[in-house]
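# Architecture at a glance
Listed below, chain by chain, are the residues.
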Amino acid sequence: MALSFNPRLVRGVSRCHAIVTAKMALAASCRDFSAAEKSTVIVNLNDNTGVATIQLNRPPVNSLNLQLLTDIKIALDKLQMKKDCRGMILTSSSPGIFCAGLDFMEMHNPQEGRAREFWRSLQEVWKMLYGSRLATIAAINGHSPAGGCLLSLTCDYRVMAQGKFMIGLNETLLGMVAPFWFQDTMTNTIGHREAEKALQLGLLYSGENALNVGLIDELVPPEKVMQTAQVQMQTWLKIPDLARRLTKEQMRGPTLQKFVQRQNEDVDQIMKFIMDSATQRSLGIYLNTLKHKQLTSV
Ligand SMILES: CC/C=C\C/C=C\C/C=C\C=C\CC(=O)SCCNC(=O)CCNC(=O)[C@H](O)C(C)(C)COP(=O)(O)OP(=O)(O)OC[C@H]1O[C@@H](n2cnc3c(N)ncnc32)[C@H](O)[C@@H]1OP(=O)(O)O
């Protein structure tokens, strides 16, 4: 079985059971494309529809560490090389949490070499997703702060689960500045004025408010998130691939070009920032706040 769990992190047997059940249900018409035995993603491609699903599978919160980023990249590489794959739905195997953003363990007192590799992997995953030839839909089945929000923003369409879930780029709450390409992705989605507020205040939106500002496209009951994403995917796949893809390239091209020009500079800036003792102090304070559950949404 292609699942590996750290028992300390798994909250109950029911979650494990749900994943196994979901895998069995998909097995009939789908091929398993998971990167490796211990992969932190579950990947399936439905041969009939040409639609793939990538499930983030790193309990308890799918925080993005080097391994998860690497596995996402491998999965995307494989899918994009398959001619018959036309669409991809990005979701989580842990209902209630889409993705908690970057793994604090990669950010808190890191080794510089590892930190560089980590940041380059994040850049690579963003670039691949934002420029993907596939039609992409985020099925946001839970909380989606910071890097989780960024992942969903790379997709062409976002469906989110109703409930007490939060989504947004909350970097300033951590005493951090969302890099320019996080900011650009946000601005391209919700417009300059709303992004200015969202980014400076580190706003975490409720589903309703995210819908109001255009951060997500649909808000549905949790059990309907996947189904809604699949129905929506049919709309995107009705459009001839080449026309849709070239339009996406033209719309996103300037953002991607700006990114490529400044990619190395971005790594250097992030390294300077993350290796600084004041940053680490402020991150330590945030981690302490997190333990006491003071995060709220607007
Ligand atoms: C090398 C480069 C490094 C840094 C780059 C520097 C600068 C760039 C600028 C900024 C970029 C930032 C992008 C980010 O993504 S930063 C991450 C921001 N994420 C958050 O603020 C989310 C924090 N988490 C939460 O709010 C909640 O956990 C939740 C809402 C997602 C889920 O709440 P729950 O109540 O369901 O679960 P918890 O009990 O809170 O968590 C369970 C468990 O998981 C741990 N955890 C949560 N989030 C993270 C995380 N991001 N990384 C690692 N671990 C995380 C949490 O501590 C709990 O652990 P324990 O069970 O207590 O051991």
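Residues numbered from 1 in each chain as written. Predicted model: local features only at pLDDT ≥ 70, side-chain atom pairs only at ≥ 80, totals over all residues.

As a reminder of what qualifies: UniProt positions are given in the numbering used here, feature names are shortened, and annotations may be inferred rather than shown by experiment.
In the nomenclature of an unreviewed UniProt entry, the protein chain is known as Enoyl-CoA delta isomerase 1, mitochondrial of Capitella teleta. In its Sequence similarities (unreviewed entry) section, UniProt records this for the protein chain: "Belongs to the enoyl-CoA hydratase/isomerase family." Looking at the Function (unreviewed entry) heading of the UniProt record, one finds this comment for the protein chain: "Key enzyme of fatty acid beta-oxidation. Able to isomerize both 3-cis (3Z) and 3-trans (3E) double bonds into the 2-trans (2E) form in a range of enoyl-CoA species, with a preference for (3Z)-enoyl-CoAs over (3E)-enoyl-CoAs. The catalytic efficiency of this enzyme is not affected by the fatty acyl chain length."

## Comments concerning the overall build of the protein chain
Spelled out, the test is: Only DSSP runs of H or I reaching four residues or more are called helices, and only runs of E reaching two or more are called strands; each is numbered from the N terminus. Buried means a residue has 20 or more other C-beta atoms within 10 Å of its own C-beta, exposed means 12 or fewer, and partly exposed covers the counts in between; C-beta atoms are placed from the backbone. Contact criterion: two residues are in contact if their C-beta atoms, reconstructed from the backbone, are within 7 Å.
Check the secondary structure of the protein chain and you find 11 helices and 11 strands. For the protein chain, buried positions account for 43% of its 298 residues. Contacts spanning at least 24 positions in sequence make up 72% of the contacts within the protein chain whose residues lie at least 6 apart.

## Considering the site of the ligand
Note the following rule: Near residues are defined by distance alone, with the backbone-placed C-beta atom required to lie within 6 Å of the molecule or strand. Think of it as three bins: nonpolar holds Ala, Val, Leu, Ile, Met, Phe, Trp, Tyr, Cys and Pro, charged holds Asp, Glu, Lys and Arg, and polar takes everything else, Gly as well.
The environment of the ligand is formed by 31 residues, the closest being Ser-63, Gly-101, Ala-115, Ala-146 and Gly-147. For the shell around the ligand, the elements supplying multiple residues, two or more each, are α3 (104-107), α4 (112-130), β7 (142-145) and α10 (241-274). The element that contributes the greatest number of residues to the shell around the ligand is α3, accounting for four residues. Counted by class, the shell around the ligand contains 23 nonpolar, five polar and three charged residues.

## Side note on the nonpolar core
Keep this limit in mind: Note on definitions: a nonpolar core is a set of buried residues drawn from Ala, Val, Leu, Ile, Met, Phe, Trp, Tyr and Cys, linked by C-beta atoms within 7 Å.
Counting residues in each nonpolar core, the largest one holds 75 residues, and the members touching the most others are Ile-137, Ala-139, Ile-140, Met-160, Ile-167 and Leu-169. When residues of this core are assigned to their parent elements, the largest contribution, seven residues, is made by α4. Every residue in contact with Ala-139, bar those within four places of it in the chain, is listed here: Ile-89, Leu-90, Thr-91, Val-159, Val-225, Met-226 and Ala-229.

## With respect to the packing of helix α2 (residues 66-81) against α4
Selection criterion: Note on geometry: axes are C-alpha line fits, over the in-contact stretch for helices, and angles between N-to-C directions span 0 to 180 degrees. Here a crossing is taken to be left-handed if its near helix is turned anticlockwise relative to the far helix by less than a right angle, and right-handed if that turn runs clockwise.
Running from N to C, α2 and α4 cross one another at 30°; their axes reach a closest spacing of 9 Å. In terms of crossing hand, the pair formed by α2 and α4 is left-handed. Listed contacts from α4 to Leu-66, Leu-69, Thr-70, Ile-72, Lys-73 and Leu-76 of α2 are Glu-117, Phe-118, Ser-121, Leu-122, Glu-124, Val-125, Met-128 and Leu-129. The class makeup of the residues in the contact of α2 with α4 is nine nonpolar, two polar and three charged.

## Comments concerning the sheet that holds strand β9 (residues 166-168)
Worth spelling out the cut-off: Strand pairing follows a simple DSSP-based rule, namely that at least 2 bridges must link the two strands.
Strand order in the open sheet made by the four strands is β5-β7-β9-β10, with mixed pairing throughout. Of all the strands in the sheet, just β5 (96-97) and β10 (205-206) have a single pairing partner and so form its edges. Here two bridges tie β7 to β9, and the two strands are oriented parallel to one another. Looking at β9, one finds that Ser-144 is bridged to Ile-167.

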